[in-house]
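# Summary of the model geometry
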Amino acid sequence: MHYKVTVEPADGTAAGWFVQYFRWVSPDAPEPQMHDLLAWTEKGGKFTAEVDLAPGEYGLVCHMILAGREVSVRLDPAPKVTQPRGQQWPLAVSVPATRTQITGTRYFLVP
């Protein structure tokens with residue numbers, strides 16, 4: 001299935017964040033292979049990339065560095081979030097002033 005990934009940094013810049021995804025198999029499977037999203041297009045402080053995913057369960061990870069950074073990440077069309085339970089899109093990630101880095105992860109199902 002084809003998805004558009006959109007990242008909206010609070011300050012509209014590409015500084016201090018990057019996004020990866022992986023195919024989730026099971027808790028006892030070997031460590032999953034991470035795939036970088038690299039081909040970003042910027043328009044008006046929003047960054048978009050596209051990805052094609054086969055059916056299955058995936059994880060989307062937003063890595064953040066620099067205290068005070070905030071981003072919102074969403075997929076279009078919005079797939080069903082499987083973990084954390086009860087969560088929806090977008091994935092909001094922010095680095096607290098007392099930290100230098102943080103990651104945010106959403107697991108989702110591709111039909």
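This text gives an overview of the structure that appears in the document. (Residues numbered from 1 in each chain as written. Predicted model: local features only at pLDDT ≥ 70, side-chain atom pairs only at ≥ 80, totals over all residues. Heavy atoms only, no water.)

## Considerations on the packing of aromatic side chains
Evaluation of the coordinates by the stated rule reveals 8 aromatic pairs. Seen in terms of ring centroids, phenylalanine 22 and tyrosine 107 are 5.7 Å apart; in terms of plane orientation they differ by 80°. Their pairing is edge-to-face. Of this pair, phenylalanine 22 sits in strand E2 (residues 17-24) while tyrosine 107 sits in strand E10 (residues 101-110); the two residues are 85 residues apart in sequence, bridging distant segments of the chain. You can call tyrosine 107 partly exposed: its relative accessible area is 22%. (Phe/Tyr/Trp six-rings, centres within 6.5 Å; stacked < 30°, edge-to-face > 60°. Helix = DSSP H or I, 4+ residues; strand = E, 2+ residues; numbered from the N terminus. Buried < 20%, exposed > 50% of the residue type's maximum accessible area, 1.4 Å probe, protein only.)

## A word on unusual backbone geometry
Negative phi characterises most residues that are not glycine, and trans characterises most peptide bonds. Going from aspartate 76 to proline 77, the amide bond is cis rather than trans, its omega being 0°. Cis geometry is found at the peptide bond from tryptophan 89 to proline 90, where omega equals 5°. The topology assignment puts proline 90 in the loop between strand E8 (80-83) and strand E9 (91-94). For leucine 66, which is not glycine, the phi torsion reads 85° and is therefore positive.

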